[in-house]
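Structural characterization, general
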Amino acid sequence: MTESIVNSKISISDNIEELSEQFAQLLMNGLNEKNDYFHVALSGGSTPKAVYNYLAEIYRSRINWGKIKFFWGDERCVPPDHFESNFRMANEFLISKVEIPDENIFMIHGDKDPEEEAVNYSNILLANIPSHASLPEFDLVLLGLGEDGHTASIFPDYLDLFNVDSICAVTEHPITLQKRITLTGRVINNARHVVFLVTGKSKSNVVDIILNHKNGFNKLPASYVNPDNGELNWLLDKTASSLLK
Ligand code: 6PG
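What comes next is a walk through the structure. (Residues numbered from 1 in each chain as written. Predicted model: local features only at pLDDT ≥ 70, side-chain atom pairs only at ≥ 80, totals over all residues. Heavy atoms only, no water.)

What about the packing of aromatic side chains?
Here is the rule: In this analysis, rings of Phe, Tyr and Trp, with Trp reduced to its six-membered ring, are considered paired at centre separations within 6.5 Å, and the interplanar angle assigns stacked below 30 degrees, edge-to-face beyond 60, and tilted for intermediate values. The numbering of helices and of strands both runs from the N terminus, where a helix is a DSSP run of H or I of at least 4 residues and a strand a run of E of at least 2. Partly exposed residues are those whose accessible area sits between 20% and 50% of the maximum for their type, while under 20% is buried and over 50% is exposed, using a 1.4 Å probe and protein chains only.
Inspection of every chain in the model, using the stated rule, returns 7 aromatic pairs. For the ring pair Trp72 and Phe87, a centre distance of 5.5 Å and an interplane angle of 50° mean the geometry is tilted. With Trp72 in strand 4 (residues 68-72) and Phe87 in helix 3 (residues 86-93), this residue pair connects regions lying 15 residues apart in the sequence. In this pair, the class of Trp72 matches that of Phe87, namely buried. Between Phe196 and Trp234, the aromatic rings sit 4.0 Å apart at their centres with planes inclined by 15°, giving stacked as the arrangement. With Phe196 in strand 11 (residues 193-198) and Trp234 in strand 12 (residues 231-237), this residue pair connects regions lying 38 residues apart in the sequence.

Observations regarding the site of the ligand
To be explicit about the condition: Here a residue counts as near a molecule or strand whenever at least one of its heavy atoms sits within 4 Å of it. Pairs of N or O atoms are called polar contacts if they sit within 3.5 Å, as long as, within protein, a hydrogen donor faces a hydrogen acceptor (for residues adjacent in sequence, only side-chain-to-side-chain pairs). Accessible surface area values rest on a Shrake-Rupley calculation with a 1.4 Å probe, where residue burial reflects the displayed protein chains alone. For this classification, the nonpolar set comprises Ala, Val, Leu, Ile, Met, Phe, Trp, Tyr, Cys and Pro, the charged set comprises Asp, Glu, Lys and Arg, and every other residue, Gly included, is treated as polar.
Near the ligand lie 16 residues; those nearest to it are Thr47, Arg76, His150, Ala152 and Lys203. Side-chain polar atom of Thr47 to an oxygen atom of the ligand: 2.6 Å apart, as the coordinates give it. A distance of 2.7 Å separates an oxygen atom of the ligand from a polar side-chain atom of Arg76. Considered on its own, the ligand offers 410 Å² of accessible surface; in the complex 87% of this is hidden by protein. For the shell around the ligand, the per-class residue count stands at 2 nonpolar, 10 polar and 4 charged.

Concerning the pattern of salt bridges
The cut-off we apply is this: Each salt bridge in this description consists of a side-chain nitrogen of Lys or Arg and a carboxyl oxygen of Asp or Glu lying within 4 Å of one another.
This model, assessed by the stated rule, comprises 10 salt bridges. Close ionic contact of Asp139 with Lys34 constitutes a salt bridge, the shortest N to O distance being 3.1 Å. Taken as a pair, Asp139 in the loop between strand 7 (135-136) and strand 8 (140-143) and Lys34 in the loop between helix 1 (16-33) and strand 3 (38-42) lie far apart in primary sequence, 105 residues in all. A salt bridge links Lys179 to Glu172; the nearest nitrogen and oxygen atoms lie 3.2 Å apart. Judged by relative accessible area, which is 39%, Lys179 ranks as partly exposed.

A short note on the pairing of strand 12
The two faces of the sheet receive side chains in turn, since in a regular strand these alternate between them. Rule in force here: Should DSSP find at least two bridges between two strands, the strands are regarded as paired. A right-handed crossover is one whose linking path, passing over the helix from the first strand to the second, runs clockwise when the strands point away from the viewer.
The buried fraction of strand 12 is high, at 6 of 7 residues. When strand 2 (residues 8-13) meets strand 12, the two strands line up parallel, connected through 5 bridges. Paired with Ile10 across the strands is Trp234, a residue of strand 12. Pairing geometry for strand 11 and strand 12, over 6 bridges, is parallel. In the strand pairing of strand 12, Val195 is matched with Asn233. For the crossover from strand 11 across helix 6 (residues 204-211) to strand 12, the handedness is right-handed.

Concerning the sheet that holds strand 10 (residues 179-183)
Stated formally: The convention used is that axes are lines fitted to C-alpha atoms, helices contributing only their stretch in contact, and that angles between N-to-C directions extend from 0 to 180 degrees. In this analysis, two residues are considered to be in contact whenever any of their non-hydrogen atoms come within 4.5 Å of each other.
The antiparallel open sheet is built from 3 strands, whose spatial order is 5-10-9. Both outer strands of the open sheet, strand 5 (74-76) and strand 9 (168-172), are each paired with one neighbouring strand and no more. Strand-to-strand twist across the sheet, computed as the mean angle between neighbouring axes with direction ignored, equals 20°. Pairing of strand 5 with strand 10 involves 3 bridges; the strand directions are antiparallel. Paired with Arg76 across the bridge in strand 10 is Arg180. The strands touched by helix 4 (residues 114-128) within the sheet are strand 9 and strand 10, with strand 9 carrying the most contacts at an inclination of about 150°.

Here we look at helix 6
Along helix 6, 7 of the 8 residues are buried, which leaves the element largely enclosed by surrounding structure. Listing the buried residues of helix 6 in full gives Ser204, Val206, Val207, Asp208, Ile209, Ile210 and Leu211.

Here's what the structure looks like:
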């Protein structure tokens, strides 16, 4: 079922396979729209694991992977082989399983000085992605959603990152104080396609608050994801969408 709420397209899937297929179709459609490289910012966390695995298993030979340049929407400031690394997760579930040229992988170096890497990665984005309105224009930004309404690594204390000119920023996880490097809000909203992947009952409340503009929604970073000229898709499973009317 797909419907639009607040300039968003919402698709509700019965299970992760159906949701993964939805995402695969969005990716394929996006690829078919472009003759040149397709620039994707991958999400971290655990939700995308099943989607990445589905792509690697089912779309291994159905997608021209060499046409895609892979970036990250955020990274934990840990080494790339650390169990919390978003690079490590994407590499384990997708990148190592399909034919992607090494030169198409642009990782955030979580093991480097965060402030220096944020500047370095910003320059890498500017050098490797076409710009629009003086900001890198991703073809697709994949996002997850935290129960506190964070997305990428823009936590509730960092709402100002939707109004800054910088391309990447350093943030700190509110509980673990782990340093993160993240795309800023204006870069996310500069993308041609933004896709939220949200599953699980634990996310149902925050999904309801954001999509139905309920009390407190304006304190949640994910509420500010609204592409200026692009398309916003929410891919939800039944449990994450269970409070939506
Ligand atoms: C990260 C992600 C973060 C994640 C949400 C949801 O680095 O963790 O960028 O925004 O998408 O926290 O995480 P789960 O998918 O694990 O629920």
